[in-house]
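Okay, here's what each chain looks like letter by letter:
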Amino acid sequence: MRILMLGNSFTTANHMPDMLAELTGAEIVQHTRGGERLADQLNPKTKMGKRTQEALQNEKWDFVILQEMSNGPITSKASSLKMQKNSVRRSGRMEQSQFFMRPGHINVEEKKLETFEMDYDEMYQKLYEAYHLAADRNHTLIADVGKKFYELSDKVNLYADDGCHPNEKGSQIAAEIIAEVLMN
C-alpha cells in the first residue's frame, strides 16, 4: 500500500508517519511543512504544490491523507472545502482520500484559544463539523483523531507542552486511528 500524506507539523510530530507505516506496512510519502495549509500544498504555483500535483498526477497512491492547518477548516470552511475537493478530485484520487481530523488546542494554551475567540469545547465542535462536512460533501473517509483526543482530554495527556502538538502518546493514537480507517 502507498500513502501520500499532506499536512504540517501536527502530521509529522513524533514521526507519526513512521508509526503509521509500522502499523500498516505501507510506504508513506510525506508532503509536509510546519504551518503549511492545504491550499499552499495543493497550489501548483508554489514549490510544495507543484511537487504535490506532480505526485498526484504521475504516481499511484492507494490513499491520500489530507490534514489542514489548525484553524483552517473553521476560519475558511468554504474555501477549504472547495480547494480540497477540486485539487484532489482533479487527480482522480478523491475516492481514495481520507481527511485527518486534527484535534483542537488544549486548554493549556489559553492565549491561543483566545486568538480564535473560542474555548476548547467550541474549537473541537467547529473542527468536528468542518471535517465531517468536508468528508460528507467529498464522499471521503475520515480519521477522527480529534474526536478521540476530545474524549480522552480529561483522562490522558496527549499534548506536548505547547498545548497544540501531540506528545508521543498522542501521535501513536493518531497513527492507530488512521490505520484502523485505512485497514477497514
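Rules used in this analysis
- For every chain, the first residue of its written sequence is number 1, and the numbers climb from 1 along that sequence.
- With pLDDT at 70 or above as the cut-off, local features in this predicted model cover only qualifying residues; side-chain atom pairs require 80 or more to be listed or tallied, and sums for whole chains, interfaces and linings still use all residues.
- Values reported for side chains reflect all heavy atoms of the structure, with hydrogen atoms and water molecules removed beforehand.
- Only C-alpha atoms enter the line fits that serve as axes; for helices the fit covers just the stretch in contact. Angles between N-to-C directions range over 0 to 180 degrees.
- Starting at the N terminus, helices and strands are each numbered in turn, a helix being any DSSP run of H or I of at least four residues and a strand any DSSP run of E of at least two.
- Relative orientations are named as follows: roughly parallel for angles under 35 degrees, roughly antiparallel for angles over 145 degrees, roughly perpendicular for angles from 65 to 115 degrees, and oblique for any other angle.
- Crossing handedness is defined as follows: a turn of the near helix away from the far one that is anticlockwise and smaller than a right angle gives a left-handed crossing, while the clockwise case is right-handed.
- Two residues qualify as a contact provided that any one of their heavy atoms is within 4.5 Å of a heavy atom in the partner residue.
- Summary of the burial criterion: residues with accessible area below 20% of their type's maximum are buried, those above 50% are exposed, and those between are partly exposed, where the area comes from a 1.4 Å probe applied to protein chains only.
- Two residue types count as positive, namely Lys and Arg, and two as negative, namely Asp and Glu; His and chain ends fall outside the count.
- Each reported salt bridge corresponds to a side-chain nitrogen of Lys or Arg within 4 Å of a carboxyl oxygen of Asp or Glu.
- Here a polar contact is taken to be a pair of N or O atoms separated by no more than 3.5 Å, where protein atoms must pair a possible hydrogen donor with a possible acceptor and residues adjacent in sequence count only if both atoms sit in side chains.

Participant: Would you explain the packing of helix α8 (residues 120-138) against helix α9 (residues 145-152) in this entry?
Facilitator: Two numbers describe a pair of packed helices, the interaxial angle and the distance between the axes. The contact between α8 and α9 brings their axes to 10 Å, and the two run at 155°. Judged on the interaxial angle alone, α9 and α8 are roughly antiparallel. The hand of the α8/α9 crossing is left-handed. In contact with Y120, D121, Y124 and Y128 of α8, α9 contributes G146, K147, F149 and Y150.

Participant: Just to check I follow, could you spell out the side chain of D144 for this structure?
Facilitator: Take D144: it is sitting in the loop between β5 (141-143) and α9. One buried charged side chain, D144, makes no salt bridge at all; its nearest oppositely charged neighbour is K147, positioned 5.4 Å away. Of the polar contacts made by the side chain of D144, one reaches the backbone nitrogen of K147; its length is 3.1 Å.

Participant: Help me understand the pattern of salt bridges, please; the structure alone is not making it clear to me.
Facilitator: Pairing is possible between side chains of opposite charge, provided their charged atoms come close. Scanning the entire structure with this criterion turns up four salt bridges. For R2, the salt bridge goes to E59, with nearest N and O atoms at 3.0 Å. Residue R2 is found in strand β1 (residues 2-7), and its partner E59 is found in the loop between α4 (47-58) and β3 (63-66); the two are separated by 57 residues along the sequence. Given the relative accessible area of 22%, R2 is considered partly exposed. Given a relative accessible area of 32%, E59 falls into the partly exposed group. It is possible to trace a salt-bridge network through shared partners that takes in R2, E27 and E59.

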